[in-house]
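Working through the structure, step by step
Read off the chains here:
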Amino acid sequence: RQLYNIDENFDEHFLNSFLSSSGNKTLCAKLLNERGSWHIFAFSLGRAAHNKQKAIKYFNILINDYPNSEYVLNESAERKLRNLENFNVVEIGSIAPEFELNTIDGKIIKLSKYKGKFVFLDFWGTWCGPCIHELPNLKKLGKSISGEKLQIIGIAQDKKSDLSSFLKTYNLTYQNVIANSETLDKYNITRYPTTFLISPEGKIIAKDLRGENIVEKVKTLINKN
């Protein structure tokens, strides 16, 4: 369905009817998470108040009525609620939020350390199929543009041991760090992969760059900025 062609009243009526009649708790939790995430996405695009209110409603039902669902146990539902309560405008033209994150060998990486060069942020996870599909494109990006001009930073929502093993298996040599909830909240991360291109001055100049022509896209943006 097209994003703005959805009949929200019918959709909400259907969801409420399903929740009250279905005994499949796993499916109920999945639907609540999907609808809440949809309204977060719509809110992040247009920031209409009713999308925020509906997202809060659905995630509160999910947390209160389905406490044993994967979305509550892995705390993703609570994190998405925090995103809504502390919503930051993270869009093209805004200043990229600062972060301090740990590498797998315990070093601390700050975004501000890379001021003066372009930074490509990739929010991803080793468990994410679309993220893994993009890795060859990111490796090509790193080889095509000088490290003095562009710094790639992967921000992985993973355990240290899982990320360490994955980086060796896939021979990923660009910088990767372990995500934390504070940074995910600052960047309003609700889906993976999510990418940002940041200028040497610290401004976001592009979002969600991906695909086989990513090198050409990034080079064009660098030349323009």
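Below: a short report on this structure. Computed from a predicted structure; not experimentally measured.

1. Observations regarding the overall build of the chain
- Scanning the chain for helices and strands turns up nine helices and seven strands.
- Scaling as 2.2 N^0.38, a compact globule of 225 residues should have a C-alpha radius of gyration of about 17 Å, and the chain matches this with 19 Å.
- In terms of overall dimensions, the chain has a C-alpha envelope of 60 × 35 × 30 Å along the principal axes.
- Taking all 225 residues of the chain together, 48% fall into the buried category.
- Looking at the chain alone, contacts between residues at least 24 apart form 66% of all its contacts between residues at least 6 apart.
- Accessible area for the chain stands at about 12,000 Å²; split by element, carbon and sulfur atoms hold 49% of it.

2. Comments concerning the nonpolar core
- Of all hydrophobic cores here, the largest spans 48 residues; its most connected members are Phe 120, Leu 121, Leu 141, Tyr 187 and Val 218.
- Elements with a minimum of two residues in this core: strand E3 (118-124), helix H6 (129-144), strand E4 (150-156), helix H7 (160-170), strand E5 (175-178), strand E6 (194-198), strand E7 (204-207) and helix H9 (214-224).
- Apart from residues lying up to four places away in sequence, Leu 141 is in contact with Phe 120, Leu 150, Ile 152, Ile 214, Val 215 and Val 218.
- Core analysis: the next-biggest nonpolar cluster, separate from the first, contains 19 residues, Cys 28, Leu 31, Val 72 and Leu 81 among them.

Rules used throughout
Positions within a chain are numbered from 1, following the residues in the order the chain's sequence is written. Restriction of local features to residues with pLDDT of at least 70 applies here, the model being predicted, together with a cutoff of 80 or more for giving and counting side-chain atom pairs; totals for whole chains, interfaces and linings are based on all residues. To get the side-chain values, take all heavy atoms of the structure and skip hydrogens and water. Under the scheme used here, helices are H or I runs from DSSP no shorter than 4 residues and strands are E runs no shorter than 2 residues, and both carry numbers assigned from the N terminus. Just to be clear, the radius of gyration here is over C-alpha atoms, and the globule rule we use is 2.2 Å times residues to the power 0.38. Accessibility here uses a 1.4 Å probe with only protein chains present; expressed as a share of the type maximum, an area under 20% marks a residue as buried, one over 50% as exposed, and anything in between as partly exposed. Here a residue-residue contact requires only that any non-hydrogen atoms of the pair lie within 4.5 Å. Surface accessibility follows the Shrake-Rupley procedure with a 1.4 Å probe radius. Residue values consider only the protein chains on display as shielding. Working definition of a nonpolar core: buried Ala, Val, Leu, Ile, Met, Phe, Trp, Tyr and Cys residues. They are joined through side-chain atoms within 4.5 Å.

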